[in-house]
Amino acid sequence: TGGNIGALVFAGGSDRLFSATIRGQVTEWDLVSHTGKNVSQTPSGITAIDISPDNSFLAGLTTDGKVLVWQIDSGNKVVILDLGEKVITSLRFVPWDERLVTGDSAGNIQLWNTDEKKIASRFEGHDTRITHIAFNNIEKQMATAGEDGVIKLWDMGDLGEAPPIITDNGKNIVNIGFTDNGRALLAATAGTLTMRPARLEYMTTGLCDKVTRNLTEEEWTAFVGRDIEYEQTCGDEVYRIRVTQIKGGQ
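Residues numbered from 1 in each chain as written. Predicted model: local features only at pLDDT ≥ 70, side-chain atom pairs only at ≥ 80, totals over all residues. Heavy atoms only, no water.

### Here we look at the overall build of the protein chain
Right, so step 1: Helix and strand content of the protein chain: 2 helices and 19 strands.
Right, so step 2: Of all 250 residues assigned to the protein chain, the portion counted as buried reaches 41%.
Right, so step 3: Roughly 14,300 Å² of accessible area belongs to the protein chain as shown, and the carbon and sulfur atoms make up 48% of that amount. (Helix = DSSP H or I, 4+ residues; strand = E, 2+ residues; numbered from the N terminus. Buried < 20%, exposed > 50% of the residue type's maximum accessible area, 1.4 Å probe, protein only. Areas by Shrake-Rupley, 256 points an atom, 1.4 Å probe, with all protein chains shown as cover.)

As structure tokens, this is what we get:
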């Protein structure tokens, strides 16, 4: 493999695996014949790779923060994306279209048009460098994690909408990801694995069948989280209790 493996990614729906080493060698492996062929060799090592949903493009992140894009099965010609002075720290393809999302050392997020190799949109995401990006295929959400441990949940249908922010993970997040059914977000640190509902309504589903009132703000903090804005859990239902006075004496 030409050095220690820095990243791996499977080509969806096929028997191919791509590996990248910290010395910069990218290899395509045929899992049936157990053979590999060289895709590229770059002077900078590769720390992360991802593949587009249709297996057309492979993107790699170098140790010095550059982004390389290969067009698979078309001579594996490599293109270096024009990032200016930005240092990219994380990248992922959007699973349901051909866009590439990158996060940089300043906390900014860029969405790339893969065919044109140009930025389609960009916005400020975090106050620290972005370490992880994950996607929810079911709910069309994107989760991003910063070096300070802050996680943000973005609606990919409206990236201008302020995202929910999760701040109680602590630093040193190892990875983030969504469950297959799209209902929960997982965040792993060196010693913990935390699962949270991906949307607020999932936190309260079924709750109103078991209680006859909304959670208090103190209960919300204890059971939902202090960093998620309080909402009524059971809508505007009003429960009327009739008390019958009983008179009597000894």
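### Remarks on the sheet that holds strand β15 (residues 151–155)
By way of backbone hydrogen bonds, the strands of a sheet pair with one another, either parallel or antiparallel.
Right, so step 1: If you walk across this open sheet you meet the 4 strands as β13-β14-β15-β16, and the pairing is antiparallel. Each edge of the sheet is formed by a strand with only one pairing partner; in this case those strands are β13 (130–136) and β16 (165–166).
Right, so step 2: Bridge count for β15 against β16 is 2 bridges, and the pairing is antiparallel. When the bridges of β16 are listed, I151 appears paired with I166. (Pairing = 2+ DSSP bridges.)

### Structural notes on the pattern of salt bridges
Between side chains of opposite charge, a pair can form when the charged atoms approach closely.
Right, so step 1: Applying the stated rule across the entire model yields 5 salt bridges.
Right, so step 2: Here D97 makes a salt bridge to R99, at a shortest N to O gap of 3.0 Å.
Right, so step 3: The class of D97 is partly exposed, set by a relative accessible area of 21%.
Right, so step 4: Linking R129 and E147 is a salt bridge whose minimum nitrogen-to-oxygen distance equals 3.1 Å. (Salt bridge = Lys/Arg side-chain N within 4 Å of Asp/Glu carboxyl O.)

### Regarding the confidence of the model for the protein chain
Right, so step 1: On average, the protein chain scores 84 in pLDDT, and the residues at 70 or more come to 82%.
Right, so step 2: Note that residues 238–250 has pLDDT below 50 and, in this model, 3 contacts with residues that lie over four places away or in other chains. (pLDDT = per-residue confidence, 0-100. Contact = heavy atoms within 4.5 Å.)

### Some details on the pairing of strand β4 (residues 35–41)
Right, so step 1: Note that strand β3 (residues 25–30) and β4 share 6 bridges and pair antiparallel. By the bridge assignment for β4, Q25 is matched with Q41.
Right, so step 2: Hairpin remark: β3 followed by β4, antiparallel, with 4 residues in the connecting loop; positive phi at H34, about 60°.

### Side note on the sheet that holds strand β19 (residues 193–197)
Right, so step 1: Within the open sheet, the 3 strands sit side by side as β17-β18-β19. Their pairing is antiparallel. One side of each edge strand has no neighbouring strand; the edge strands of this open sheet are β17 (173–178) and β19. The average angle at which neighbouring strand axes cross in this sheet is 15°, direction not considered.
Right, so step 2: Where strand β18 (residues 184–189) meets β19, 5 bridges bridge the pair, whose relative direction is antiparallel. Bridging across to β19, A188 finds its partner in L193. (Axes fitted to C-alpha atoms, helices over the stretch in contact; angles between N-to-C directions.)

### Quick notes on the side chain of S40
Right, so step 1: Examined against the element boundaries, S40 turns out to sit in strand β4.
Right, so step 2: Residues within four places of S40 in sequence aside, it is in contact with G24, Q25, V26 and W70.

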